[in-house]
Amino acid sequence: LEWADPRLTWDPKEYGNMTKVWVWIADGGAGGETSEIWTPDIELWNLESGLSETLDDSYAIVNYDGSIYWSRPGHLRPTC
């Protein structure tokens, strides 16, 4: 999953030429999502099990230009 967040931009020269950071994104259980950044809400309508049960928590890669890449390993189980 990829998106852009202009609030997460920086000048790499001001931060030791750092061009990307990794931030933790977790489902958080009953209390809601536990995340260091905003993430889009995604849900399948005909999902047998919730996303928190079928996809693992993982890091997202945030680039200096505000682009974000987040891949959650796991399998979706839709019903037909």
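Look up a bit, the structure's there.
Conventions we followed
- Residues numbered from 1 in each chain as written.
- Predicted model: local features only at pLDDT ≥ 70, side-chain atom pairs only at ≥ 80, totals over all residues.
- Heavy atoms only, no water.
- Salt bridge = Lys/Arg side-chain N within 4 Å of Asp/Glu carboxyl O.
- Core = buried A, V, L, I, M, F, W, Y, C linked by side-chain atoms within 4.5 Å.
- Buried < 20%, exposed > 50% of the residue type's maximum accessible area, 1.4 Å probe, protein only.
- Helix = DSSP H or I, 4+ residues; strand = E, 2+ residues; numbered from the N terminus.
- Contact = heavy atoms within 4.5 Å.
- Pairing = 2+ DSSP bridges.

### Regarding the pattern of salt bridges
One pass over the structure, following the stated rule, counts one salt bridge. For Asp 5, the salt bridge goes to Arg 7, with nearest N and O atoms at 2.8 Å.

### Comments concerning the nonpolar core
In terms of nonpolar packing, the biggest core is built from nine residues, these being Trp 3, Trp 10, Val 23, Ile 25, Ile 37, Ala 60, Val 62, Ile 68 and Trp 70. Listed by contribution, the elements that provide at least two residues to this core are strand S2 (20-26), strand S4 (58-63) and strand S5 (65-70). If near-sequence neighbours (up to four positions away) are discounted, Ala 60 is found in contact with Val 21, Trp 22, Val 23, Ile 25, Ile 37, Ile 68, Tyr 69 and Trp 70.

### Remarks on the pairing of S4
When S2 meets S4, the two strands line up antiparallel, connected through six bridges. Residue pairing across strands places Trp 24 opposite Tyr 59, the latter belonging to S4. As paired elements, S4 and S5 share three bridges and run antiparallel to each other. Along S5, the bridge assignment pairs Ala 60 with Trp 70. Counting the residues in the hairpin turn of S4 and S5 gives one residue.

### Description of the environment of Leu 1
As for its position among the elements, Leu 1 is in the segment before strand S1 (2-9). Residue Leu 1 is classed as partly exposed on the basis of its relative accessible area, which comes to 41%. In the structure, Leu 1 is positioned 67 residues away from Ile 68 in sequence and 8.2 Å away in space, judged by C-alpha atoms.

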